[in-house]
Amino acid sequence: GIQVEQSPPDLILQEGANSTLRCNFSDSVNNLQWFHQNPWGQLINLFYIPSGTKQNGRLSATTVATERYSLLYISSSQTTDSGVYFCAVSGYSSASKIIFGSGTRLSIRP
Amino acid sequence: EPEVTQTPSHQVTQMGQEVILRCVPISNHLYFYWYRQILGQKVEFLVSFYNNEISEKSEIFDDQFSVERPDGSNFTLKIRSTKLEDSAMYFCASSDRLAGPPTDTQYFGPGTRLTVL
């Protein structure tokens, strides 16, 4: 099955800093989503982005499907951005399930 | 904004007991899913469900587990004879593709934390 690798595993930043989180995947995908898991455990949809670039406020994401990676950018970090960021993909051979990466744990210090 | 809801938010049970976790997917969605997350680990796919039958299931989803859509709004996960290692957060999700493989966004519920003692 598809392998999903996220980097870095942990990231500690000061409030106001920018960050880039990376997701590599091992095969062609027809679905790629970025999630934020908040300290209460809820999974919040950030982007559905199997290809291209999207922006939503301070967050943006780019997926280069041909090179099998996606990037999540967070600008002007706030303490509420803390949590774990997951990339999740599904492939054409098994399109109904999404495979999660191990996540990047982001800690924003005030 | 429509959202997936799950009940209960936290369930504590004794080993060997049966539990039923309940989900109300977004109303116009046709694909439904269960995932689980053991504490500190990544989210794992359990099962997908479409048109009143299982579309796909993982190796985790053995005979101990079953899913059902008992009416037009609820989607349930039953775990028979729970084990200690079933302790996890269980997430329900839904998506709104009308036909073919679902390629649209999967929306997740807030989860049910299951603790097996």
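Above this note sits the structure.
Residues numbered from 1 in each chain as written. Chains lettered and ligands numbered in written order. Predicted model: local features only at pLDDT ≥ 70, side-chain atom pairs only at ≥ 80, totals over all residues. Heavy atoms only, no water.

Overview of the sheet that holds strand β7 (residues 65-68) of chain B
All names here are of chain B. Reading across from one edge, β1-β3-β8-β7 is the order of the four strands in this open sheet, with antiparallel pairing throughout. The sheet is open, and its two edges are formed by β1 (5-7) and β7, each paired on a single side. Taking each pair of neighbouring strands and ignoring which way they run, the sheet shows an average axis angle of 20 degrees. Pairing analysis gives three bridges linking β1 to strand β3 (residues 19-24), with the strands arranged antiparallel. (Pairing = 2+ DSSP bridges. Helix = DSSP H or I, 4+ residues; strand = E, 2+ residues; numbered from the N terminus. Axes fitted to C-alpha atoms, helices over the stretch in contact; angles between N-to-C directions.)

Looking at unusual backbone geometry
Cis rather than trans, the peptide bond between Ser7 of chain A and Pro8 of chain A has omega equal to -10 degrees. Mapped onto the elements, Pro8 of chain A comes out in the loop between β1 (4-7) and β2 (10-14). Cis peptide bonds are those with omega within 30 degrees of zero, and the linkage from Thr7 of chain B to Pro8 of chain B qualifies with -10 degrees. Within the secondary structure, Pro8 of chain B sits in the loop between β1 and β2 (10-13). Unlike most non-glycine residues, Asn52 of chain B shows phi in positive territory, near 65 degrees.

Comments concerning the packing of aromatic side chains
Within a pair of aromatic rings, the relevant descriptors are the distance that separates the centres and the angle that separates the planes. This structure, assessed with the given rule, holds 14 aromatic pairs over all chains. Relative to Phe100 of chain A, the ring of Phe86 of chain A lies with its centre 6.0 Å away and its plane at 80 degrees, an arrangement referred to as edge-to-face. A residue pair is termed long-range when its members are at least 10 positions apart, and Phe86 of chain A in strand β9 (residues 83-91) and Phe100 of chain A in strand β10 (residues 94-100) qualify at 14 residues. Judged by relative accessible area, Phe86 of chain A falls into the buried class, the value being 2%. Phe100 of chain A gets classed as buried once you look at its relative accessible area, which sits at 1%. Each ring, one from Tyr35 of chain B and one from Phe45 of chain B, has its centre 5.6 Å from the other, and the planes form 75 degrees; the classification is edge-to-face. Here Tyr35 of chain B is found in strand β4 (residues 31-37), whereas its partner Phe45 of chain B is found in strand β5 (residues 44-50), with ten residues between them in sequence. A residue is classified by how much of its surface remains accessible, and Phe45 of chain B, at 6% relative accessible area, is buried. Members of the aromatic cluster, joined through ring pairs, are Phe35, Phe86 and Phe100 of chain A together with Tyr33, Tyr35, Phe45, Phe91 and Phe108 of chain B. The ring of Tyr69 of chain A carries Arg22 of chain A above its face, with NZ or CZ at 4.2 Å from the centroid. (Phe/Tyr/Trp six-rings, centres within 6.5 Å; stacked < 30°, edge-to-face > 60°. Buried < 20%, exposed > 50% of the residue type's maximum accessible area, 1.4 Å probe, protein only. Lys NZ or Arg CZ within 6 Å of the ring centre and 35° of its normal.)

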